[in-house]
Amino acid sequence: ACAMDWQVLTRELSLYLESQVRVGLFGSGVGLSLVLGFGVAYACYYLSSIAKKPQLVASNDRFCRFLEEYCPVVTETYYPTIWCWEGRVQTLLRPFITSRPQVQYRNELIKTADGGQISLDWFDNSDSLYYPDASTRPTVLLLPGLTGTSKESYILHMIHQSETLGYRCVVFNNRGIAGEDLLTPRTYCAANTEDLEAVIHHVHSLHPAAPFMAAGVSMGGMLLLNYLGKTGRDTPLMAAAIFSAGWNVFESVESLEKPLNWLLFNYYLTTCLQSSISRHRQMLEKLFDMDLVMKARTVREFDKQFTSVMFGYRTIDDYYEDASPCRKLKSVGIPVLCLNSVDDVFSPGHAIPVETAKQNANVALVLTSCGGHIGFLEGIWPRKCTYMDRVFKQFVQAMFEHGNKIFSM
């Protein structure tokens, strides 16, 4: 198959170049030969070293067979966008390249036990042809990343995929980040699952007869994994999908503090965190030295001065240990599919808990060689659909429509 791909690609490249490139470098055909040679060499390198099948890690043969039959995308070769396959480039370009499907939300504010409030954005899909009965319409709970909301392009794409399948979606916006006021001096973190537990209980109580899944991206995936590790099988969720989670926070922050990664990602992410709390400064100043918090120049410094203090951790290391999902993976009690790229600087490949995943029959890891952090761009102009979108769509459909077969194959 690879040889056939190479032949097709090189033939098309040759025809294109012959029609577009003028023959002659200093009046000869050397220029065309050089371009053709470079093109063929790059195509050969791309097909041999870049385009690869993902590594599927699962200890349960039945889970593997289920995925191969109903979620075949996880066993097919992933062809990253040929002109931007490197992890950092994919991470940086995805928000600008991918489209933003139009989604009409219905907002709901729910109260929490400590007097706070959480903003939920519902996509009811009331026109669903496949599931016209709202009481039994499958529901997907979506958890965005660290400073993300329901407006993120990757969330909008997940909702678009769910809409075509007839499903309902609800986006869990972390406290104080989606425009609502903070009623108490508390925001959120990757380790504390109380707000997520409240949201899951609320959504399930509204539609108790509806099949219920969740999908988390980046920190949203970490939070979801920590919840699943805590609850085991005692959850109304039937399955979960995790994308670009940071498995070991110590390794993640160390990677992000390398000079180039700090310049490209860490400083910007820190300023986003500071911006997300600055509008709540009057409320938060009751407990924090906000001037000190706003001086942070790395995520680690922000967490040391703000996040770990807010949630009562003695040290930042205590917080990072509790926030790392790799420590709770053994306790996950429902089927979970986790997609990571090994070139993700937010979640280094060496920190992905492959051996731990092999010890839990409910867990499957899908590891691509390229894709970056929430990137997974594919196609010449990757605007409409990413590899991550296809994994999401096939897995939620597989679970909602064939999930009863997962452990009987």
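Note that the structure is a prediction, hence the values are computed from the model and not measured.

About the cut-offs
Residues numbered from 1 in each chain as written. Predicted model: local features only at pLDDT ≥ 70, side-chain atom pairs only at ≥ 80, totals over all residues. Heavy atoms only, no water. Pairing = 2+ DSSP bridges. Helix = DSSP H or I, 4+ residues; strand = E, 2+ residues; numbered from the N terminus. Axes fitted to C-alpha atoms, helices over the stretch in contact; angles between N-to-C directions. Contact = heavy atoms within 4.5 Å. Core = buried A, V, L, I, M, F, W, Y, C linked by side-chain atoms within 4.5 Å. Buried < 20%, exposed > 50% of the residue type's maximum accessible area, 1.4 Å probe, protein only. Salt bridge = Lys/Arg side-chain N within 4 Å of Asp/Glu carboxyl O. 1 Å grid on protein atoms, 1.4 Å probe; cavity = no way out; pocket = protein on both sides within 12 Å on 5 of 7 lines; lining within 4 Å. Points joined across faces, edges and corners; volume = space filled by probe spheres on them.

1. A word on the sheet that holds strand 2 (residues 106-111)
In space, the 9 strands of this open sheet follow the order 1-9-8-7-6-4-5-3-2, with mixed pairing throughout. Of all strands in the sheet, those bounded by a partner on one side alone are strand 1 (55-58) and strand 2. Strand-to-strand twist in this sheet, taken as the mean axis angle between neighbours without regard to direction, amounts to 20 degrees. In terms of strand pairing, strand 3 (residues 117-123) meets strand 5 (residues 168-173) through 5 bridges, oriented antiparallel. Directly across from Asp121, in strand 5, lies its bridge partner Val171. Across the sheet, helix 6 (residues 194-206) touches strand 2, strand 3, strand 4 (139-143), strand 5 and strand 6 (212-217), and the angle it forms with strand 3 is around 45 degrees.

2. Some thoughts on the nonpolar core
Inside soluble globular proteins, nonpolar side chains tend to come together where they are buried. Counting 70 residues, the largest nonpolar core has Leu141, Leu224 and Leu365 as the members making the most contacts within it. Leaving out residues up to four positions away in the same chain, Leu224 has contacts with Leu143, Leu196, Ala214, Ala215, Gly216, Leu237, Ala240, Ala241 and Ile242. Counting 50 residues, the second largest nonpolar core, distinct from the first, contains Tyr46, Cys169, Leu339 and Ala398.

3. Some points on the pairing of strand 9 (residues 363-368)
Counting buried positions over the 6 residues of strand 9 gives 6, a clear majority of the element. What you see with strand 9 is no split at all: Val363, Leu365 and Leu367 on one side and Ala364, Val366 and Thr368 on the other are buried throughout. One ladder, built from 4 bridges, connects strand 1 with strand 9; its direction is antiparallel. Counted as the bridge partner of Val57 is Leu365 from strand 9.

4. Comments concerning the pattern of salt bridges
Going through the model one piece at a time under the given rule, you end up with 16 salt bridges. Arg186 serves as the salt-bridge partner of Asp114, at 4.0 Å between the closest nitrogen and oxygen. Here Arg186 lies in the loop between strand 5 and helix 6 and Asp114 lies in the loop between strand 2 and strand 3, a separation of 72 residues in the sequence. Owing to a relative accessible area of 14%, Arg186 belongs among the buried residues under this scheme. We note a salt bridge from Glu355 to Lys358, for which the minimum N-O separation is 3.4 Å. Residues joined in a network through salt bridges with shared partners are Asp114, Arg175, Arg186, Glu194 and Asp195.

5. Some thoughts on empty space enclosed by the protein
Taken as a whole and judged by the stated rule, the model has 3 cavities of 30 Å³ or more. One number sums up the size of the largest cavity: a volume of about 70 Å³. Within the residue set of the lining of the largest cavity, elements represented by two or more residues are helix 5 (153-165) and helix 15 (387-402). By residue number, the principal contributor to the lining of the largest cavity is helix 5, which donates 3 residues.

6. Comments concerning the environment of Phe96
For Phe96, the location among the structural elements is in helix 4 (residues 87-97). Residue classification places Phe96 among the exposed positions, given a relative accessible area of 70%. Placed 57 residues apart in sequence, Phe96 and Ser153 show a C-alpha to C-alpha distance of 9.3 Å.

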